[in-house]
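Remarks on the overall topology
Chain residues, written in single-letter form:
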Amino acid sequence: MLTLFRKTGRPSPLRAAIGHHVAGTLAANPAVRPVTVQGVQAYCHDDFLDAATCRKLIARIDAGRRPSTLLSDKPEQNFRTSESCDLERWAPDIRPVDEGIAALLGIPPEQGETIQGQRYAPGQQFRAHHDYFFETQSYWRQVTAQGGQRTWTAMVYLCDVEEGGATWFPQAGFRIAPKRGLLLAWNNMTADGRPNDLTLHEGMPVVRGVKYIITKWFRERSWL
């Protein structure tokens, strides 16, 4: 089904160049496969993390989890009901994962935000949202000073889930089921560097089991 969408924001040669570079890097990697969908650059890498690393990250998330928050001027109740924790990027067991994701995408590590770990128990979800920042929100001035717009998102599923918990892109028309070690990456921008409405995505409610993921967002400039 062809989905129509509106273009938002202004073209950005910098963001467009980042998108072109990362897409080329991923396409050249034989372990990476594209998600065939119109209007969104998205890629998967099976077994990006091994089982032992996934178990260690799950333990880290369980030890540091807290209620997830929203960056929004008007946060909605029950919009994001998962738990989250920040994973210290210089820790000996986190740094290889952090820098490994950056290397896979071909983005300098300093442009990456701190990895966030997330836990979804049965019934928990993250309703449809975009990862890019909105210039109309009050936070825009702050994020501009901290590396600017988010470009790429990389997410790794740390476990299988008995039922539910898929990542769903309702406007682009695809969903990815949790699978241990699977990395999903997508460009939040269009080819000309505008925020891409089609990257609207949802962490669907878990029905049975517990879902653990890590997410790393990249900025257009240095975040550190």
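The preceding data block contains the structure.
What counts and what doesn't
- Residues numbered from 1 in each chain as written.
- Predicted model: local features only at pLDDT ≥ 70, side-chain atom pairs only at ≥ 80, totals over all residues.
- Heavy atoms only, no water.
- Helix = DSSP H or I, 4+ residues; strand = E, 2+ residues; numbered from the N terminus.
- Rg over C-alpha atoms; globule rule 2.2 N^0.38 Å.
- Buried < 20%, exposed > 50% of the residue type's maximum accessible area, 1.4 Å probe, protein only.
- Contact = heavy atoms within 4.5 Å.
- Areas by Shrake-Rupley, 256 points an atom, 1.4 Å probe, with all protein chains shown as cover.
- Lys, Arg positive; Asp, Glu negative; His and termini not counted.
- Charge placed at Lys NZ, Arg CZ, Asp CG, Glu CD.
- Core = buried A, V, L, I, M, F, W, Y, C linked by side-chain atoms within 4.5 Å.
- Pairing = 2+ DSSP bridges.
- Axes fitted to C-alpha atoms, helices over the stretch in contact; angles between N-to-C directions.
- Phe/Tyr/Trp six-rings, centres within 6.5 Å; stacked < 30°, edge-to-face > 60°.
- Lys NZ or Arg CZ within 6 Å of the ring centre and 35° of its normal.
- Polar contact = N/O pair within 3.5 Å; in protein donor to acceptor, adjacent residues only side chain to side chain.

A separate point is the overall build of the protein chain. When its secondary structure is counted, the protein chain shows four helices and 14 strands. A globule of 224 residues ought to have a C-alpha radius of gyration of about 17 Å, and the protein chain, at 16 Å, matches this closely. With the principal axes as the frame, the protein chain shows a C-alpha extent of 40 × 35 × 35 Å. Counting over 224 residues, the protein chain shows a buried share of 52%. Put simply, 79% of the contacts in the protein chain that link residues at least 6 apart link residues at least 24 apart. Put simply, the protein chain shows about 10700 Å² of open surface, and 54% of that area lies on carbon and sulfur atoms. Computed over 27 positive and 23 negative side-chain charges, the inter-centroid distance for the protein chain is 3 Å.

Core analysis: the largest hydrophobic core is formed by 33 residues, its most contacted members being L49, I101, L105, W152, L158 and I214. Those elements giving two or more residues to this core turn out to be α1 (13-27), α2 (51-64), β4 (83-87), α3 (95-105), β7 (150-157), β11 (183-187) and β14 (211-219). Of the residues forming this core, the biggest block, five residues, is contributed by α3. In contact with L158, other than residues within four places in its own chain, are L49, C54, L57, I58, I61, R180, Y212, I213 and I214.

As summarised here, the arrangement of the four strands in space is β6-β12-β9-β10, forming an open sheet in which the pairing is antiparallel. In this open sheet, the two strands that pair with only one neighbour each are β6 (126-129) and β10 (174-176). With strand direction ignored, the average angle separating the axes of adjacent strands in the sheet is 15°.

With that out of the way, let us pick up the sheet that holds strand β2 (residues 42-45). Across the sheet, which stays open at both edges, the eight strands sit in the order β1-β2-β11-β7-β14-β5-β4-β3 with antiparallel pairing between neighbours. Looking at the sheet topology across the chains shown, the edges are occupied by β1 (32-34) and β3 (66-67). α1 contacts β1, β2, β7 and β11 of the sheet and is inclined by roughly 35° relative to β7.

Following the criterion strictly, the structure yields six aromatic pairs and no others. With 6.0 Å between their ring centres and 80° between their planes, F79 and F126 make a pair best called edge-to-face. With F79 in the loop between β3 and β4 and F126 in strand β6, this residue pair connects regions lying 47 residues apart in the sequence. Residue F79 is classed as buried on the basis of its relative accessible area of 13%. Among the aromatic residues, those joined into a ring-pair cluster are F169, F174 and W186. Above the ring of F218, the side-chain terminus of K216 is found at 5.5 Å from the ring centroid.

We now examine the environment of H201. Relative to the helices and strands, H201 is located in strand β12 (residues 201-203). You can call H201 buried: its relative accessible area is 3%. Sequence separation between H201 and W168 is 33 residues; the distance between their C-alpha atoms is 5.4 Å. The contacts of H201, once residues within four sequence positions are left out, are R127, A128, H129, H130, D131, W168, F169, P170 and W186. At a separation of 2.8 Å, a polar atom in the side chain of H201 contacts the main-chain carbonyl oxygen of T199.

Residues A42 and C44 line one face of β2 and the alternating positions Y43 and H45 line the opposite face, and both faces are buried. Two elements, β1 and β2, share three bridges in a ladder whose sense is antiparallel. Within β2, the residue paired with P34 across the bridge is Y43. Pairing geometry for β2 and β11, over four bridges, is antiparallel. Counterpart to H45 in the pairing with β11 is L183.

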